[in-house]
Every structure is written in structure tokens, then in C-alpha cells.
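# Survey of secondary and tertiary structure
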Amino acid sequence: MALTFKRWFAIAIVACAVITLAARSRTASARRVDAVSWFTVANQPRLSSSRTFFELERAIMRARVLQRRDSILPLLRGTSAAPELRIGADIPAPLRAQLERAVARQWALTVGSPPGDVRVAILAVLDTAPLPYGIGRGGVYARIARHFIMLPSSTDQRTCLVVVRFISLATTREMNEWRKNTFKRILGPCAFYAAFGKPGVAIETWLRGRRYDLTYNASWNESSVAFAHSADDVLESTTFGIGLPFDAVACMAGDRTRCASIVTDTTPLNAFYTPRTPMSPDLITPDDLWGAGFALSNQWFLSDLVHDRGREKFARFWTSPSPLESAFRSEMGESLGDWVHAWTTARYGSTHVGPAPGWVSAIVALSMAAAAVLGMVWFAGRRQVI
Amino acid sequence: MSERCWLAIGAAVYLSMARPAIARAQSTANAMARAQSTAQALANVDSLAAVYSAALAAEAEAATASARKLPGDTIRVGALLILTDARLRDITRRAAANAWGVLDKMFGSTARVLASERFVIRLEVPAPKNTMIPPPWVVAPATLPQQIELTHLSGGGISNVYRTPASNESLLADALSRRAAELIVPTLDTALVAWLGDASSAWTLAHMDREDVYRSLALSPSPAALDCLGGAITACRAVLALDDISDVVGTWYVSPESRRRIVQTMQSRIRLGPASLRFDACVSGRAASVCDSILRSLPREAIAPPLPSSARADFMYFAIGRGGAESFPRLNASSGSMSRRFATAAGMPTDSVVSSWRSQVIAAAPPPITMPTRTAWMALAWAILLGVVATRSSRWR
Amino acid sequence: MFRQIFLTQWKWTRAPLLIALLAAFSIPLVSLSRDMSYTQPIWDARDLLDRVRSTGVAYSALAAALGLVLGLSAWAADHRGAHVYALSLPIARWRYALYRLGAGALLLFLPVIALWLSALIATHVIVIPTGLHAYPNALGLRFLLAAIVAYTMFFAVASGTTRAAAIVLGCIGVALTTMILLADTAIGRSLIDWAAQALFAWPGIFGVFTGRWMLIDV
């Protein structure tokens, strides 16, 4: 049976229809399987004990930190001129000295002479008390050290309080890692409050919505180090760059309309890592941030802004009563999106998205094809058959 | 003076007198708000605890009483205490004996810390999802006879579970010794752990493959490793990091080519973002100064050592073997440079230990590749066969 | 004249063309066949992108295969008949070659259109997660570009004598074999790196075949 055009066409149409139907039916069965896959477990109405355990641990931790706050606030005598350290008597001298050096160093490098309306206090305690309700120290509570930050709105309106809590003082690898990661940024948002005072209402609302993640690394004496991956490396990674929001990728690809939302978006960036019950709007736990944010570079965002634009300009922006974007534009002279674009591409480089080939690639390919055709035509004209 | 002026003065006087009272009132309000938030947090703890208890009780009830029972047989080998059931008694005993042999030889009396731990070895059972019921979790062991499960009871926390094919004694022994080493390593001296690395596999290599150590020395990018093979004991000490080295780059990677190679091996960590240009200039462009600047910019711990930790583990194992009984506890308890500590552990000068180790490594060099006679005959037979076929072929068309 | 040439080429290639058309129609639909519902946008979206990316190589492979088949089959009958038919025609030889090229290029559009339609259907059926966009048109254009490049290259190679075509294809084969044999040596690795950079990395000669063939992307 010859494959006439009509038959060819009929076969093509029928086969395409079959392929479409097959793809759709596969979709339907896959959806039923997905309904019980792991990422929907968190939405089950009945809470499992492990999930509740996690929440309970966090609630206990939060209550204990708040109790520490209530007990220490009446005892503080310091002013905003220097940070006040209250270190528990059971903290050994070497660790105490390291802590003091870390605070003094960050203070000197960033805050310098503060404007005077926010004071900073650091409380370091050893917490070995057993947990209530007979629960063991598992998951998050088992970390050897954590630090919490309470902003003035959750203390006495003029104190930014850093609580450092150790559950053990053993010199283990975990402790060394924690010290290495935390000491250089121990003051976190408190450094911003001490150096620039309380932020304007709109700025504070914005920061609070993001759990102050853009202020975790206050080190504007230097620009942030180059980040872990270039944009193309991130996009080619097997998990499509966990931590990079799509807006960030689009921004690096040149879509400036999506740049500002990288820093203004207040929805949880990664639902998997975000606890169901946040600790408290103003009780910040920088140690919890791993896994969220745009590949962790968000921690340096405001610090880099201070480094780039200088303290005076930033101070005006920080305390501006205007809405975020207009405050940024009026003080920095450009839109927030433009600055985010420049900042992001400086760190990750640029990339492009979508399947369209680059202009150069397309021109090279077409030139090559044209050259092949010309060569073929020239060869055909000279052809001789013997 | 007008009435308005009097009013203004009156108001100012009132405010100046009342300011401390206002501040006090504000402070009291703040304190009350704080106390309220703390009280709310405590109430939240109580309500969550009630939910947690209810969830735990429901899940515990869901698991059958018989399923939660621990295996009845107890096996004690050295400091290892293992709960198992009757069907696995023999394999568990043999695996435990092997594992304890490795642990005792490696750690000596330090392994006694395991006496306070309990291990459970049983046929694998599926764990209920999302539960905090303490392991081991059990549902009808007979339904899954293919795998053996090894767990460790640790006060209710989540415990790692190893699974090995049933009846594979050596894998079970390996899993047991690794798990035990994971429990011992945190109790060891941190400097020693940092020298070797905290991967439990490095601590429990039952059969050190010295041929691999030879290969890592011979193929190391570091010229010092080749010097070590050539007989320079100082170079061996350097590549094993036995002494405190102030300039690791200058000591380990003295030649420009070795620096280029070590930068190349660190590609995944260095060739990132803007730094990739410098990486390419060093590796592809062979710019020695760029390689140097890359290496100098890295912290000391980021410079890849010339030998893998398995080679250091081999050396440690060798030194402990020389020192006789209790040499590991001596190594662990000693202080100072690693060189001095190994001398203490082995009971002889470090150079002697290093020299003997080097001789052993060289003795384990892989034999040169030779062609077996059978292969030679086979090649000849094929050649003859193909030749015959070729002569029988028809003419080319 | 062109019509006659077009019809003869259609007859020679309709069977492989049908297979290519069905393959082109399948790829976009199959790549998205599991992605209909999204309850947790971020995590699922990343999963979706990974899957879309993993099927990207199929597009470039199909474009290359399509170009190869159409390019070689355009000249197969002429080679068999020692070009007597072509030389007997009352038109210039170069014009005849261009007619052949044009006829093949027209046929090339059938699978390209199939792929574009399939991409449109697939992206219309699924719910695209927030923050992502569908690029069916750009994908179709890119596929067209890649297929045309592959087609013209193979057409030009095949337009010479069989011996010339065999030499060119043989050289490619020898180069690939040499690379595979040398893959484990330092020279081989650097050679492969160099060749891959020159040919496939931006803006390499074959850059149009590599990179991100993303039907759905940010």
C-alpha cells in the first residue's frame, strides 16, 4: 500500500491525536500519585507528633528567650555609646574573651559613633535546663549554640537585644563552625539600629515582613565576597538553583521589572524550610535562615548598599518616612529595581532565559549555513561527470 | 499678657512636671506588654504540648504492642551491647566479633565509651512516617526478610538507621563499626580529629589498602610526595602534616606545575563566579603568578593536602600497631604537634615510624602490568584466523 | 520545475519525515505530561524546570537527525544515477542545486510546525506556575534554525561526490573516535575541552544546538 499524501496526512493526524491523548491521560494518573507525595504531607489536617515536636521545641525556645529578655531588661544600665555585654558566670574565660572581641570588632568596623537613640545589649547564657513535658533535645533545640535578636519594638523601644544561648560549652567541630559563622555577624540588625537609629515606618514594615533577613550581615566596611555560584552555574545545577527565586533569575537575564521584587517580596521563599509558626515578628533567629533567601546573598543586601552609597545617604534612606521605593529613589537617585539589578549581576553575572539562542550564535549558525550553500553552488557549477 | 499666653505657660509647666510620670507610665506599659507576650508564649507552649502528647499517644496506640517490643536476645562482645532476635543471633555474634576486633585494634580502651550505648540489630521494618515514637519502630518483622536494620538507642532522638542485605556478615560488621566509630569520634581530641577528618569511614578501615596509599603518593600533585617515595623522611613528614607548617603552599607545592595542578583539582571550589577567569588563567593559561595568588588568597584549611585522609589513617593505623596495646589512648591523650604525639603513641622516634611506614608502602607498590601467556596465545590465534579469512575473501568489487 | 523536484523529494523522504514529525510532536507533550496541578508552586516549579531542561537535548538531537536525513536523501538518487538526469535538464546546474535545497527546506517545515503546535498545546494545557513563562514560539523558531543549519550543512556535504561526503563524514567519525579513545588521558581531556568550547559553547559554531532548550523558563 503506497504512502500517498492523503494516507500520510491521515496517519500524521491520527498519531498526533493519540500522542496528545496519551500525554493527557498520563497526566491524570500522575496527579493522583502526586496527591500523597512528600511535599503535601505538611498540609495534612492531622498533625503528626514529629511535626508538633518541632513546633513545640520552637515554642519552648521562644518562651525561654522572652523570659531572659524580661529578666535582663531592668538590669541594663548601658547607653547607646557602646554595646553592653552581660555574659553568664558559667561561660569560660576564653569564650567570653572571644565574644567580647567579636562584638567590639563588629561595633568598631560598622557602628562607630552612633546617633544615640538605640542601645545594644548582648546577653550570653549557658542553658542546660531540661526541657519540659519530658521531651528530649532533638531537632532544632539540639544545636550547640544559637543566637537570637530582639529589636527595640519587642524590648523597651530603645534596646536592641542579642541573646546568645549555648547548650554546651564543649569545643566541638559544631561549636567551632558556629563561632566561625556567627561571631563576625553577631550584631546583625542591631548594628543597623545602633548606627542609623530606628528606621522609618515603611522601611521597618518591609524589613519585618522579611524577618530582617536583609540586615543579617552588617559589615559595610567591606563589600560582600563573591557568592558561591555564577548565574549560569546555578541554572545548570541539577536542582535549578535552590534558593534563587525566579524573579532573581529573570532579573539577571535583564528583566528589570522583576528585580525589585527580589527584596520586596515578603512571602516565604522556600515553603519547605519555613516553620509553620514563626518565632515572633521581632524575635529574629538568623541561624534559621539557611535554606531560604536568594542563595544566602540576601544577608549582605543592605550592608552592601551602605558600602556602595555611603553612610549619610543610607541613613537618610533608613529613616525616611516615605514608602520604600520612593524613599530609595529620592535618596539613592535611582530606582530600587535598577540597583538590585546592578547588585545582583555584579555578584552572579548575567544570564539569559528561554530557548531563544543568542544573537551571536544565531548569526554564526546562519552565516555557516550560507557559506555551505555558497560553497555547494560553486561546486555544482564546476561539476563534471565523466 | 493675654489669656493664651497664660495657657501656654501653664501647659509647659504641667508638661515639665508630668514628663517623668509619662515616661514611667510608658515604661510600665512596655513592661506589661512584654509580660503579656511572654505569658502568651508560655501559653502557646502548653497548648502545643497538649497537641504533642495527644499525637504521640495516638501514634503509639496505632503501633501494636507486640511490634514495639525490643528483640529479646542480648549479645555482648567487648564493650558492644547488642539486642537482636533469635533468627539473627549467629550472624550478629560474628559481625559483632569482627566489628569489635576492628574497634579494639583501632581505639583500644577508648572504645569503652560504647559500654553505655545499646545497638539493635533486627530484620528491617518500615518506620511509621512523621512520628516521634522512639526508635526502633516495628511492624511485623516477618514481612520484610530481605534487609537487616541496625539502630542505636539514644534517649528518644532520631537515630540513624543502617540497612544491609540480610546474611551479609561483613557489611553488617562494617555498618556496626562505623556507627560505633561515629559515637566514639565526638569524644576524641579535636586536634586529632581535625588532622584525620571526621568521616567515620577513615577511622574504621578494617583492611587498609596500602597499594592505594602507594598510588596516592606516586600520583600526588605535590613534589614532596615523590620526594617521600624517594626516601626523604622530612618530605614524608610534610605530606602527612605531622609538623606545624607555616607555609603549606611553599612546603607542599613548591614547583609552579604542582601549584597549577592543585588549583586544577580544586576546580569545584575555586572556579566560581568572577573567580573563574583567574582559575582559567592559572590552569589553561599556565600563568604561575595567578596560581600563586589564588593559593595565597585561600585560607590554610582550604588548600587540598597532598594525601587523602585514607593515607593519614593508614599511617595512624601503622603507628598504633607499632606502639602495642593502648597506643591509641596514648595518642588521644597526648598533646603537642602530631609528630610528637605519634612518637608517644608508637613508643619510638617519629622518623623511625615514618621510615618503616614508607618501606611498607613501597613494598605494597602494585606489580607492573604483564601480559599473561594465555592472552598472548589468544592474540596469535586471532591473527592467524583473520589472516586465513582474508586469503579466502573474494576479489574487491 | 521546482514543483517536480519538490514532489520527487517528498516521495523519497515522506516515510522518515513522518517519523520525524511524530517525534517532534511528542517531545513537548511528553516533557510536560506530568505537570498539570500545582499546589506548592515554588517546589513543584523547580521540579518542572528540571524536567523541562532534561528533555532539552532531545530537540537538538532531533534537529540534527532531521537535517542529516533530509540533506543526504536529497542527493541520494542523483548519486545513484550518476547525475545524468540532472545534467540533462535545461537549467543551470547551480539553479538545480538550489531547487533541491529549497525543496528539502520546505519539507523541513512539516516537523517544525508539528513541534510548534505541540508546544502550544502542551503549554496551553498545563497550569504554568507563578513566575514562569512558556516559550513555544521561541522554541519553535530555535528548532527551525537548528534544523536548517543542520540541513544545509549535510546538504552541502552530500552535494559533492559520494567519496567527498564519505571523507567528510569519515573525518567526523575519526575525530569522535579519537576523542573517545583519548578521553582518559590528559591530552584527550584538554582536546575535548577545547573542541567542546570551540564548537558548542557560546558563541561556538554549533552553539545553536546547545544551551537551554527550555519550553518553560523563568
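Residues numbered from 1 in each chain as written. Chains lettered and ligands numbered in written order. Predicted model: local features only at pLDDT ≥ 70, side-chain atom pairs only at ≥ 80, totals over all residues.

### Examining unusual backbone geometry
The phi dihedral of Gln157(A) is positive, around 75°, even though this residue is not glycine. Relative to the helices and strands, Gln157(A) is located in the loop between β3 (145-150) and β4 (159-166). Taking the number of C-beta atoms within 10 Å as the measure of exposure, Gln157(A) has 14 and is therefore partly exposed. The residue Glu326(B) is not glycine, and still its phi comes out positive at about 65°. With respect to the helices, strands and loops of the structure, Glu326(B) is situated in the loop between α14 (309-323) and α15 (327-333). On the basis of neighbour count, Glu326(B) is assigned to the partly exposed category, with 14 C-beta atoms found within 10 Å. (Helix = DSSP H or I, 4+ residues; strand = E, 2+ residues; numbered from the N terminus. Buried ≥ 20, exposed ≤ 12 C-beta atoms within 10 Å, placed from the backbone.)

### A closer look at the environment of Ala343(B)
All names here are of chain B. Looking at where Ala 343 falls in the secondary structure, it is placed in helix α16 (residues 338-346). Using a count of 22 C-beta atoms within 10 Å as the deciding quantity, one classes Ala 343 as buried. Linking Ala 343 and Ile 320, residues 23 residues apart in sequence, is a C-alpha distance of 10.0 Å.

### Brief notes about the pairing of strand β2 (residues 80-84) of chain B
Residues and elements named next belong to chain B. The alternating pattern of β2 places Leu 80, Ile 82 and Thr 84 on a buried face and Leu 81 and Leu 83 on a face that is not buried. As defined by bridge partners, strand β1 (residues 73-77) adjoins β2 across five bridges and the pair is classed as antiparallel. In the sheet register, Arg 76 faces β2, and the bridge partner there is Leu 81. Connecting β1 to the antiparallel partner β2 that follows it, the hairpin turn spans two residues, and Gly 78 within it adopts a positive phi of roughly 60°. (Pairing = 2+ DSSP bridges.)

### Topic: the packing of α14(B) against helix α17 (residues 350-363) of chain B
Think of two packed helices as two axes; the pair is described by the angle between the axes and how far apart they sit. All names here are of chain B. At a minimum axis distance of 10 Å, the contact between α14 and α17 shows a crossing angle of 115°. Every pair of crossing elements has a handedness; the one defined by α14 and α17 is right-handed. Where α14 approaches α17, its residues Phe 315, Phe 318, Ala 319 and Arg 322 are matched on the opposing element by Val 353, Trp 357 and Gln 360. For the contact of α14 with α17, the class distribution of residues is five nonpolar, one polar and one charged. (Axes fitted to C-alpha atoms, helices over the stretch in contact; angles between N-to-C directions. Left-handed = near helix turned anticlockwise from the far one by under 90°. Contact = placed C-beta atoms within 7 Å. Nonpolar A, V, L, I, M, F, W, Y, C, P; charged D, E, K, R; others polar.)

### Regarding the pairing of β3(A)
Of all six residues making up β3(A), six are buried, and the element is well covered by its neighbours. Neither face of β3(A) is open: one carries Ala145(A), His147(A) and Ile149(A), the other Arg146(A), Phe148(A) and Met150(A), and all of them are buried.

### Overview of the environment of Gly349(A)
Residue and element names in this part refer to chain A. In this structure, Gly 349 sits in the loop between α13 (336-348) and α14 (359-382). Looking at Gly 349, the number of C-beta atoms within 10 Å reads 17, which means it is partly exposed. As for Gly 349 and Ala 253, which are separated by 96 residues in sequence, their C-alpha atoms are 9.3 Å apart.

### A short note on the packing of α14(B) against α16(B)
Residues and elements named next belong to chain B. Running from N to C, α14 and α16 point in directions that differ by 40°, and their axes come no closer than 7 Å. Taken together, the axis directions place α14 and α16 in an arrangement best described as oblique. On α16, the residues touching Ala 319, Ile 320, Arg 322 and Gly 323 of α14 are Phe 342, Ala 345 and Ala 346. Its residues assigned to classes, the contact of α14 with α16 shows five nonpolar, one polar and one charged. (Parallel < 35°, antiparallel > 145°, perpendicular 65-115°, else oblique.)

### Observations concerning the confidence of the model for chain A
Residue and element names in this part refer to chain A. Confidence along chain A averages 78 in pLDDT terms, with 78% of residues attaining 70 or more. This model gives residues 238-242 a pLDDT under 50, and the stretch forms eight contacts once residues within four places in sequence are excluded. Note that pLDDT drops below 50 for residues 269-278; the model gives that stretch 19 contacts with residues more than four away or on any other chain. (pLDDT = per-residue confidence, 0-100.)

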